[in-house]
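# Structural overview for review
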Amino acid sequence: MIHRIPPGTRDVLPDEMRELRKLKAALIEVFEARGYGEVATPAIEYDEVMARGDGRAAGSSYRFFDESGELLALRSDMTVPIARLLASRFAQAEPPHRLCYLASAYRAVRPQRGQMREFMQAGVELIGVPAPEGTVEVIEVLEAALDAAGLERAVIGLGDADLYRQLLEELGVEGEARDSVLASLAAHDLVGLEEKLREAGIAAEQVETCVALSQMRGGREVLEQAHGLGGGAVERATARLSETFDELDRRGAADRVQIDLGLLRDLGYYSGAILEVYDPALGHVIGGGGRYDDLMKRFGLDLSAAGFALYLERVHVAQMEESRRGGEA
Amino acid sequence: MTSFAGSRAKADGPLKLAVPRGALFGEALDVLDAVGVDTSEPRGDSRSLIFETDGITLVTMRPSDVPTYVEAGAADVGITGKDVLLEQADRVVYELLDLGFGRCRMVLAARSGDDRLGEAQRRLGMMRIATKYPRIAERHFESTGRQIEVIEVKGSVELAPLIGLGDGIVDLVATGRTLEENGLEVREEIVECTARFVANRVAYKLRAAEIDELTAKLREAIRG
């Protein structure tokens, strides 16, 4: 007899489990070797704690009451629980803090799209090291993790979360108009973006600048091109990015980093550098992260922070595709 | 342009472009001709679905499948109608360019000289709308504060109100002739749709130079 499990969840059988275990061990070894201690937190948190981390309603998809009527939530990522853990357990300890995790997170899915309701994340959090050093360290750990997973062709996109917020402020685009412009940017709908910027009453030249910016991605030359477009917001963002990129370059770690001014992450807590991870063998993003310098403040600790999470199952798929490709070559 | 320094991100083979069969097919091939892609093979009567040309692979499919293939990265870029993109708005594909051709309107239509639609709304508080575009229809009526019951059909939607399935239809109209011949008339215009050039999210990042070049050429071609 067949008994159902909810869509977006799955059983893992021995062959896959063996490979996943190997992958997890390889990742944890990289993290530990760089001084990141592994932690675990409960899958269930108080909803108010999760909401404190991500102010927008997006926080958790699964909420329920416990026996005394308290509202609980399944965690939707590990960054907020770790911020909570640090504020509660490490408030007196001397920063910086380096923590890593391998944990399931839970998000709502759209039906029939192969999306996972329950998925594994492997990641690190570096608390108390400001930009650019902190960002650079996190990217180096990420590169080592990708190498350990055998994804030598993987690429890290590096963008800036504040660029458009500040740029739109500069242009006087506010409220609903601003939100709809940001939504077009996040979806990378260039046709809609142009329309909405025009509707917001911005001069044609500046509309062009915004649209052009969102398409700029590549090596260092991107920063020079962007800088030529002028404006305070662009200048500040490119200055931050080039600081980070130059430091990566000095350490020989810039090879697989793609500067991307069109990058926008949909989590509410990011500020400054943001990251996305791609592998050419896969059409989906396999990881993401960035800086969230204001998040710890919401939990009462005034510390800067950065981190990333790899989606373990997708990394595993990419691993298989890469080894298949290697076999064919 | 943006020559990406990360040489390790070498792409696998030529760029794969999803080409919509059906109403957009001819004009899609025309615009590809204009950017120097050899389209003689897909224009022939071959039953093949995949055509290797110099530097680019053309994959032909139903327009409504284009977002599926592009989202998954099975095709790197593609051409499809804005109607398809709106109906499948939850598919993550990057919309890079309005190609301008294939212009048509998404409309609400009902039987000419017949007030069933208005009557249903007044007296029943709810209109029954037959459509191949349930999400576009739902969104349109929701955003205008009206309630509908969506009846999803797959074939000729014009049939539905004629024999009593639904009070009206939401459908794509190019010339309006089909509506007219079936005794229907446009009551509201919902949105204008044209063909769009779309890209997979990861391909857009990792094959930046190729995709930017193709986008620029397409932009040039539709201007000319």
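What counts and what doesn't
All chains use their own residue numbering, which begins from 1 and follows the written sequence. Ligands are numbered from 1 and chains lettered from A, in the order in which they are written. Where local features are concerned, this predicted model is filtered to residues with pLDDT of at least 70; where side-chain atom pairs are given and counted, the filter is 80 or more; whole-chain, interface and lining totals use all residues. Strands here are runs of E lasting at least two residues and helices are runs of H or I lasting at least four, both read from the DSSP assignment and numbered beginning at the N terminus. Here exposure depends only on C-beta density: within 10 Å of a residue's C-beta, 20 or more other C-beta atoms make it buried, 12 or fewer make it exposed, and intermediate numbers make it partly exposed, the C-beta atoms being placed from the backbone. Throughout, a residue-residue contact means that the two C-beta atoms, derived from backbone geometry, are no farther apart than 7 Å. Within these notes, the globule rule equals 2.2 Å times the number of residues to the 0.38 power, and the radius of gyration is based on C-alpha atoms. Should DSSP find at least two bridges between two strands, the strands are regarded as paired. Interaxial angle, 0 to 180 degrees, is taken between N-to-C directions of lines fitted to C-alpha atoms, where a helix line uses only the stretch in contact. A score from 0 to 100, pLDDT tells how confident the predictor is in each residue. An angle below 35 degrees is read as roughly parallel, one above 145 as roughly antiparallel, one from 65 to 115 as roughly perpendicular, and any other as oblique. By definition, turning the near helix anticlockwise from the far helix through less than a right angle yields a left-handed crossing, and turning it clockwise yields a right-handed one. Under the grouping applied here, Gly and all other residues not named as nonpolar or charged are polar, the nonpolar ones being Ala, Val, Leu, Ile, Met, Phe, Trp, Tyr, Cys and Pro and the charged ones Asp, Glu, Lys and Arg. What marks off one domain from the next here is an automatic or database domain assignment.

Looking only at helices and strands, chain B features 10 helices and 11 strands. Within chain B, the fraction of its 224 residues that count as buried is 40%. Put simply, of all contacts in chain B between residues at least 6 apart along the chain, 67% involve residues at least 24 apart.

A word on the overall build of chain A. Within chain A one finds 12 helices and 12 strands. Scaling as 2.2 N^0.38, a compact globule of 329 residues should have a C-alpha radius of gyration of about 20 Å, and chain A matches this with 20 Å. Across the 329 residues in chain A, those meeting the buried criterion constitute 46%. Intrachain contacts of chain A at a sequence separation of at least 6 include 68% that bridge at least 24 residues.

Our next topic: the sheet that holds strand S5 (residues 94–98) of chain B. Reading across from one edge, S2-S3-S1-S4-S11-S5 (chain B) is the order of the six strands in this open sheet, with mixed pairing throughout. Both edges of this open sheet fall to strand S2 (50–53) and S5 of chain B, since each of them pairs with a single strand only. The sheet shows a mean angle of 25° between the axes of neighbouring strands, direction not considered. Two strands pair when backbone bridges link them, and S5 of chain B and strand S11 (residues 195–199) of chain B are joined in this way by four bridges, in the antiparallel orientation. Its bridge partner being in S11 of chain B, Asp98 of chain B is matched across the sheet by Arg196 of chain B. Across the sheet, helix H7 (residues 190–199) of chain A lies against S5 and S11 of chain B, angled at about 70° from S5 of chain B, the strand it touches most.

What follows covers the confidence of the model for chain B. Residue and element names in this part refer to chain B. Of all residues in chain B, 95% attain a pLDDT of 70 or more, and the chain-wide mean is 91. Within the model, pLDDT remains below 50 along residues 1–10, and this stretch shows 33 contacts once partners closer than five positions in the same chain are excluded. We note a pTM of 0.88 for the whole complex and an ipTM of 0.86 for its interfaces.

Right, let's get into the packing of helix H1 (residues 14–33) of chain A against helix H4 (residues 133–148) of chain A. Residue and element names in this part refer to chain A. Across the interface, H1 lies against H4 with an axial gap of 9 Å and an inter-helix angle of 150°. Comparing their axes, H4 and H1 come out roughly antiparallel. Note on packing geometry: the crossing formed by H1 with H4 is right-handed. Two secondary-structure elements touch here, H1 through Ala26, Leu27, Val30 and Phe31 and H4 through Val141, Ala144, Ala145 and Ala148. Among the residues forming the contact of H1 with H4, the class breakdown is eight nonpolar, no polar and no charged.

With that settled, the discussion passes to the packing of helix H6 (residues 175–187) of chain A against H7 of chain A. Residue and element names in this part refer to chain A. At a minimum axis separation of 8 Å, H6 and H7 run at an interaxial angle of 165°. The orientation of H6 relative to H7 falls into the category roughly antiparallel. Crossing geometry of H6 relative to H7 is assigned as left-handed. Contact with H6, carried on its side by Ser180, Val181, Ser184 and Leu185, involves Gly192, Leu193, Lys196 and Leu197 of H7 and no other residues of that element. Here the residues of the contact of H6 with H7 are counted per class, giving four nonpolar, three polar and one charged.

All names here are of chain A. You can read the domains of chain A as domain 1 (13–46 + 75–160 + 271–329) and domain 2 (162–264). Between the C-alpha centres of domain 1 and domain 2 the distance comes to 25 Å. Between domain 1 and domain 2, the residue contacts involve 19 residues of the former and 18 residues of the latter. Among the elements that take part in the side of domain 1 that touches domain 2, strand S7 (residues 155–160) stands out by supplying six residues, more than any other. For the side of domain 1 that touches domain 2, the class distribution of residues is 10 nonpolar, five polar and four charged.

All of the buried residues in H7 of chain A are Leu190, Val191, Leu193, Lys196 and Leu197 of chain A. Tucked into the core, H7 of chain A has its buried residues touching H6 and helix H8 (204–214) of chain A together with S5 and S11 of chain B. Following H7 of chain A by one or two positions, Gly201 of chain A has its phi on the positive side, about 80°.

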